[in-house]
Structures are given as structure tokens and as C-alpha cells.
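Descriptive structure summary
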Amino acid sequence: MMRVRRALLFMPGDSRRKIEKGAAGGVDSVIMDLEDGVAISQKDAARREIAQALGEVDFRRSEKLVRVNPAGSPLFADDLDAVLPARPEGIVLPKVESAEDVAVVDSRIRAEETAHGWTPDGIALIAIVETAMGVVNLREIAASVRDTPRLQALVFGAEDLAGDMGAVRTAEGWEGLYARGAVVLHAKAFGLDAIDTVHIDFNDEAGLTAQARRALEMGYTGKLAIHPRQVEPIQRAFTPSANEVAAARRLVEAHAAAQAAGIGAIQIDGRMIDMPLIRAAERVLARAGQG
Ligand code: COA
Ligand code: MG
């Protein structure tokens with residue numbers, strides 16, 4: 001069964017305190033970070049801390065993910081060597097720019113699975129696209145799922161992308177709109193989850209909820225979080241409300257009745273209802289666990 005990843009909460013890998021707090025917060029996925037959330041001088045300590053936490057901390061229902069440094073960086077091989085033996089449920093790879101980046105990490109994970117006799121492709125891979133080259137190469141990155149079935153999701157990273165492009169981050173996110181659309185489009189074309197960027201202002205619940213809603217409307221399935229306060233609003237935004245579920249059920253039932261009577265297109269409240277809307281309603285029911 002595929003994991004539901006609505007909110008994915010980052011925590012610095014060198015902070016056992018935050019790892020424990022994150023593990024207790026009821027988030028769908030935790031991401032213990034070795035990349036930019038950890039100072040260069042603390043990389044080694046963070047590797048040890050994460051490996052230890054994977055063995056000792058009770059993460060309850062949260063998926064245990066580790067973000068390593070980018071493929072090809074001098075840190076990345078040591079990151080994987082340190083954390084893979086502790087068996088995280090997935091690796092989050094930042095600044096992915098090519099299918100080759102995905103293949104390199106895939107083969108290193110596969111070697112570890114084979115050595116331990118673990119389920120092949122049991123460790124998931126999640127790719128963050130957050131550079132201009134990554135966006136330009138989205139097609140080959142997403143298509144690598146054909147060789148690398150552990151690839152389960154693409155993440156849109158707006159902050160790093162703006163930096164890489166020399167663009168200015170705006171509240172509305174215009175500068176990243178093409179990339180935000182391209183990431184979800186490529187993810188869906190290849191059957192992958194799509195996860196939206198962080199909202200760095202962790203006291204702005206209204207803004208966070210609006211951005212999560214926008215992401216959902218674009219087809220995104222989840223959103224990154226950087227503070228425990230953001231988990232509940234994100235998970236709520238990606239869970240259909242009782243009203244949405246009731247409306248979806250009404251559509252599906254009316255459609256089934258029409259089909260039984262030999263009628264394809266019908267109207268409800270002055271709107272034409274046919275297959276695209278029925279499929280959308282079925283997706284709402286599936287997200288609500290009532291599909
Ligand atoms: N995961 C788990 N717990 C967290 C957390 C996180 N991401 N962010 C904050 N907390 C905890 C804090 O430890 C604190 O608990 P405590 O007082 O019992 O120690 C509580 O939540 C409230 O935190 P607060 O004081 O509001 O924030 P802070 O100043 O401690 O931390 C940040 C602010 C931004 C440094 C912190 O949210 C953080 O580390 N975020 C993730 C950073 C990261 O991983 N970045 C890389 C990906 S972009
Ligand atoms: Mg980054």
C-alpha cells in the first residue's frame with residue numbers, strides 16, 4: 001500500500017530534541033535533515049544522531065525519511081553510508097538535476113537492501129527539484145521511475161530555485177509558478193506524488209493554509225513543513241472536509257443512478273456533470289478514505 005504523505009516535517013538531524021518532538025507530533029512523514037538544516041561542522045554528529053534515533057525513537061505512525069546532501073556533493077556518500085544501515089523508510093534527495101542523480105542513489109540503496117536481505121525497493125526515494133537545471137530536466141527525472149520504482153514523489157523547492165535563478169521570492173510565488181506547475185505535471189504524468197514547497201513563515205497560519213489549498217488545487221498531494229505548528233493546518237488542507245465529501249458522494253450517486261437509467265450527462269444545480277467531474281469526486285472520496 002502506498003503511503004499518504006500530506007505533511008512532511010523537516011527537522012535538523014543534529015537535534016535529538018527536535019527529532020523526538022517531530023516523532024510525537026502525528027505527522028505523516030518526518031524528514032531528518034543532513035543538508036542545509038545542518039551546519040557543515042555538525043554533519044558527522046548529525047549522521048550519528050539520525051542513525052541512533054532510527055534505532056531508538058518511537059516514530060509511531062510517522063514515516064521515517066532522511067534528507068541527504070545532493071548526489072555528487074562530497075558529503076553524500078558518507079551520508080548514505082551512515083544512515084542506510086539504520087534502515088530509514090526513505091531517502092529524500094535534494095537538488096536533483098538528472099536521471100543520473102536518481103540512478104546513483106538508487107544503486108547505493110539497492111546494494112544496502114541486498115546486503116541485508118531487505119525487501120527490494122522497500123526504501124523509498126523522494127526527489128526535490130529546486131534548480132533551473134532540475135526543472136529543465138523534469139521529464140527524464142520523472143521518467144526514471146521506470147528503472148527506479150522506489151522513486152515515489154517529486155518535491156517542488158521554491159526557495160532554492162529562486163536562489164539558483166536569481167529570482168526574487170514573492171508572497172504570491174509568481175517567480176516559481178512555471179516550475180510549480182511543471183513539477184506537479186511531470187509527477188502526475190509518471191504516476192508520482194507531488195509535494196509542495198515549504199512556507200518559511202511558521203507563524204502565518206492563514207498564508208500557509210492558503211498556499212496548501214492552492215497546491216491541492218494544482219494537483220499536489222502534500223506539502224513540506226518546517227515547524228510542528230504547520231503540521232495540522234497542512235494535513236487538514238489535504239483532507240477533504242465533511243461538506244466536500246458529502247457533495248462528492250451526491251455526485252457519484254446521481255451519476256450511478258443516471259448510468260443505470262441509460263443517461264450519460266446529467267445536471268445538478270444547473271451544472272453539467274459528466275465523467276471528469278465524477279472522477280474528481282471519486283478522488284475526493286479516495287482522499288477521505290471512503291473511495
Ligand atoms: N521539528 C521538531 N520540533 C521542532 C521543530 C521541527 N522542525 N521546530 C521547532 N520545534 C520545537 C522546538 O524544539 C520547540 O520545542 P522546545 O521548546 O520544547 O525545544 C518548539 O518546537 C517551538 O519551537 P520554536 O521556539 O517556535 O522554534 P525554534 O526557534 O526552536 O526553531 C526553527 C525554529 C526554524 C529553527 C525550527 O523550526 C527548525 O529547526 N525547523 C526545521 C529546519 C530544517 O530542518 N531546515 C531544513 C529544511 S528547509
Ligand atoms: Mg534547500
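You'll find the structure just up there.
Residues numbered from 1 in each chain as written. Chains lettered and ligands numbered in written order. Predicted model: local features only at pLDDT ≥ 70, side-chain atom pairs only at ≥ 80, totals over all residues. Heavy atoms only, no water.

**Looking at the packing of helix H3 (residues 76–83) against helix H4 (residues 99–116)**
The geometry of H3 relative to H4 is characterised by a closest axis approach of 11 Å and an angle of 30° between their N-to-C directions. In terms of their interaxial angle, H3 and H4 are classed as roughly parallel. Viewed along their axes, H3 and H4 form a crossing whose handedness is right-handed. Counting all contacts with H3, which are made through Phe76, Leu80 and Asp81, the residues of H4 involved are Val104, Val105 and Arg108. Of the residues contributing to the contact of H3 with H4, the split by class is 4 nonpolar, no polar and 2 charged. (Axes fitted to C-alpha atoms, helices over the stretch in contact; angles between N-to-C directions. Helix = DSSP H or I, 4+ residues; strand = E, 2+ residues; numbered from the N terminus. Parallel < 35°, antiparallel > 145°, perpendicular 65-115°, else oblique. Left-handed = near helix turned anticlockwise from the far one by under 90°. Contact = heavy atoms within 4.5 Å. Nonpolar A, V, L, I, M, F, W, Y, C, P; charged D, E, K, R; others polar.)

**Some points on H4**
Over its 18 residues, H4 extends 26 Å from the first C-alpha to the last, a length consistent with the 26 Å expected when each residue adds 1.5 Å. Taken residue by residue, H4 has Asp101, Val102, Val105, Asp106, Ile109, Glu112 and Glu113 as its buried positions. One face of H4 carries all of its buried residues, which in axial projection span an arc of 125°. Opposite the packed face of H4, turned more than 90 degrees from it, sit the exposed residues Glu100, Thr114 and Ala115. Residues of H4 that are buried in the fold lie against H3, strand S4 (90–93), strand S5 (124–129) and helix H6 (138–143). Residue Gly117 follows H4 closely and has a positive phi angle near 70°. (Expected span 1.5 Å × (residues − 1). Buried < 20%, exposed > 50% of the residue type's maximum accessible area, 1.4 Å probe, protein only. Arc of directions from axis to C-beta.)

**Observations regarding a positive patch on the surface**
There is a patch of like positive charges on the surface, built from Lys188, Arg279, Arg283 and Arg287. No other element matches the 3 residues that helix H12 (residues 275–287) contributes to the positive patch. Locating Arg283 in the fold gives a position in helix H12. (Patch = residues over 30% accessible without salt bridge, like charges linked within 9 Å, V, L, I, M, F, W, Y side chains within 5 Å. Areas by Shrake-Rupley, 256 points an atom, 1.4 Å probe, with all protein chains shown as cover. Salt bridge = Lys/Arg side-chain N within 4 Å of Asp/Glu carboxyl O. Lys, Arg positive; Asp, Glu negative; His and termini not counted. Charge placed at Lys NZ, Arg CZ, Asp CG, Glu CD.)

**Points about the site of ligand 1**
Around ligand 1 there are 16 residues in total, and Phe10, Arg17, Lys21, Ile226 and His227 lie nearest to it. Measuring from an oxygen atom of ligand 1, one finds a side-chain N or O atom of His227 at 2.8 Å. Calculation on ligand 1 without its partners gives an accessible area of 880 Å², and the protein chains cover 65% of this total. Taken together, the elements giving at least two residues each to the shell around ligand 1 come down to strand S1 (7–12) and helix H1 (16–23). Of the residues that constitute the shell around ligand 1, the class distribution is 7 nonpolar, 3 polar and 6 charged. (Near = heavy atom within 4 Å. Polar contact = N/O pair within 3.5 Å; in protein donor to acceptor, adjacent residues only side chain to side chain.)

**Some thoughts on H3**
When we look at burial in H3, the residues that qualify are Phe76, Asp79, Leu80 and Val83. Burial along H3 is one-sided: seen end-on, the buried residues are contained in an arc of 90°. If you follow the buried residues of H3, they end up packed against helix H2 (43–56), strand S3 (63–67), S4 and H4.

**With respect to the pattern of salt bridges**
This model, assessed by the stated rule, comprises 30 salt bridges. In this structure, the salt-bridge partner of Arg236 is Glu205, at a minimum N-O distance of 3.5 Å. Placement of Arg236 in helix H10 (residues 231–237) and of Glu205 in helix H9 (residues 205–218) is noted, with a sequence separation of 31 residues between them. According to the relative accessible area criterion, Arg236 is partly exposed, its value standing at 41%. Relative accessible area serves as the criterion here: at 43%, Glu205 is assigned to the partly exposed category.

**A look at the pairing of S3**
With 4 of 5 residues buried, S3 is to be regarded as a mostly interior element. In this structure, strand S2 (residues 29–33) lies alongside S3, joined through 5 bridges in parallel fashion. Looking at the pairing, Ile31 lines up with Leu65 of S3. In this fold, S2 hands off to H2, which returns the chain to S3; that crossover is right-handed. Where S3 meets S4, 3 bridges bridge the pair, whose relative direction is parallel. Each bridged residue has a counterpart across the sheet, and for Leu65 the counterpart in S4 is Gly90. As for the winding sense of the linkage, the β-α-β connection from S3 through H3 to S4 is right-handed. (Pairing = 2+ DSSP bridges. Right-handed = clockwise from strand over helix to strand, strands pointing away.)

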